[in-house]
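As a plain string of letters, each chain reads:
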Amino acid sequence: PDGIVTQDSVLEMCEKWWLSNGENKESLIAQCLPLIVLKALDDTEFQSSHVKRLFKLRDAFLVIDFKNPSSDSLRSLLLRIASNPLLLKLPEGKRFLSCLLRDPDLVSDLHLSFRAQIPMSKKSALLNYGEIYLRSWRDASDDAEELRETIEHTALQDLMYASIHVSSEATLKSVMTVLDAFFCEKKNTEIASLLYRLYNPILWRSLSATNPLVRKNAVRILEKIFPLHDPTTSETKNAMDKATKALDNALQDKDPSVRIMASEATAKIAALFWDALPASGIRSLLNHIIIGHASDASSVTVRAAALEAVMCLLDVPQSHAVLRPLLPSLGNLVHDKSERVRSSALKMLLKVKEIRGIRYYHVVPVSHLTARLSEETRLHHDPRNAISR
């Protein structure tokens, strides 16, 4: 016990020496860091006080040469610390992890530690991981270009590749939640440039991959980062034309899951970029959805997705002039054999009813609505129908 008390006093003195910027502080703190981290891990319970203590010493870890095998034990201890969920709950913990990522020799191991946690983490933790990656990338200033490239190609590129190629829907959702930190900042020139550098080499070929799951995921990513372009050039129009053409092809994909994702992506992109997209491109995309998808006899889900896409676009006032003449072609879907499609058609009609300038009875005549009501009443009261049970 006396030895432990003495050791704690020595560690406390070294810690204060570092924090007070004492002479030769680097050589002194380097000997103490493994013991400080080990003490935090060996305590009965890892507490917020341990996290705050490590955070105060965050710059001291940059003194360690993690290329040297002698630092392997400290590396292992830090990776154990990094996998503790408490760090993600405290601002000091998140900033501490971001600081550790400022060491190029720790980036790979830390990323592997984070990646192992991502599939099983809650949304709040995933958002925190995204914040950590974003902060560490931003903190890598221009004079540390090597560090920024290491973070990009070791960590971020890996996550972006997974966002297109991962097969598990649950894991994909988790990875996308982490990357949302970057997607939400795509209007920032630096982030837009980052997304272009890392996604440009893999996205376009993935849109035409043999595996339909890869094509579907690529369409999802295209919607998130649209328009994928290099902000240092003035080629935004060309980028939009290229992305619009990719959506056009995806809407005609032979796999229904890709067509459904393309329908959703098209609606979201058009809703945000209506004024920037070429009129001819918008009309072509809408024709695929309203004429093609809405009458797709091979898939109930494709037809329902077409109606959901139209509902999304109806929230954009600029779209009304283009949609007005097209909407009547959707009217017959109130008589679709699928209850899901019929329900979506009626929801769309209710949205149309709220829009000035478009009459719902021009989309579906009143006589059709009364006939539908009568038929639905009969269906729901027929004892042979599963709906009535």
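Check the entry above for the structure.
Residues numbered from 1 in each chain as written. Predicted model: local features only at pLDDT ≥ 70, side-chain atom pairs only at ≥ 80, totals over all residues. Heavy atoms only, no water.

A count of helices and strands for the protein chain gives 20 helices and 0 strands. For the protein chain, the C-alpha atoms occupy an extent of roughly 90 × 55 × 40 Å along the three principal directions. Buried residues in the protein chain amount to 48% of all 389 residues. Contacts in the protein chain between residues at least 24 apart in sequence constitute 66% of all its contacts with a sequence separation of at least 6. Computed over 50 positive and 47 negative side-chain charges, the separation of the two mean positions in the protein chain equals 10 Å. (Helix = DSSP H or I, 4+ residues; strand = E, 2+ residues; numbered from the N terminus. Buried < 20%, exposed > 50% of the residue type's maximum accessible area, 1.4 Å probe, protein only. Contact = heavy atoms within 4.5 Å. Lys, Arg positive; Asp, Glu negative; His and termini not counted. Charge placed at Lys NZ, Arg CZ, Asp CG, Glu CD.)

For helix α3 (residues 48-56), every residue scored as buried is listed here: H50, V51, L54 and F55. Within α3, the buried residues cover an arc of 135° as seen down the axis, which keeps them to one side. Buried positions along α3 lie against α2 (25-42), α4 (72-82), α5 (86-89) and α6 (91-100). (Arc of directions from axis to C-beta.)

One water molecule sets the probe size; rolling that probe over the atoms shows where empty space is left. Roughly 380 Å³ of internal volume is contained in the largest pocket. In terms of lining residues, the largest pocket is bounded by 20 residues, among which K186, K187, K224, F226 and F273 are the most central. The set of elements that each furnish at least two residues to the lining of the largest pocket consists of α10 (169-183), α11 (189-206), α12 (212-225) and α14 (256-273). The element best represented in the lining of the largest pocket is α14, accounting for 4 residues. Looking at side-chain class alone, the lining of the largest pocket contains 12 nonpolar, 2 polar and 6 charged residues. Considering only enclosed or pocket space, the second largest pocket measures out at about 270 Å³ in volume. If you trace the second largest pocket, you find 16 residues lining it, with M176, R220, K224, M261 and E264 closest to the centre. Among the secondary structure elements, those contributing two or more residues to the lining of the second largest pocket are α10, α12 and α14. Of the residues belonging to the lining of the second largest pocket, the class tally is 5 nonpolar, 2 polar and 9 charged. (1 Å grid on protein atoms, 1.4 Å probe; cavity = no way out; pocket = protein on both sides within 12 Å on 5 of 7 lines; lining within 4 Å. Points joined across faces, edges and corners; volume = space filled by probe spheres on them. Nonpolar A, V, L, I, M, F, W, Y, C, P; charged D, E, K, R; others polar.)

We now examine the packing of helix α8 (residues 123-139) against α11. Two measures define how a pair of helices packs: the angle their axes make with one another and the distance between the axes. Axis separation between α8 and α11 bottoms out at 12 Å; the angle between their running directions is 105°. In terms of their interaxial angle, α8 and α11 are classed as roughly perpendicular. Every residue of α11 that contacts α8 at L134, W137 and R138 is listed here: E190, I191, L194 and R197. Residue classes in the contact of α8 with α11 are distributed as 4 nonpolar, no polar and 3 charged. (Axes fitted to C-alpha atoms, helices over the stretch in contact; angles between N-to-C directions. Parallel < 35°, antiparallel > 145°, perpendicular 65-115°, else oblique.)

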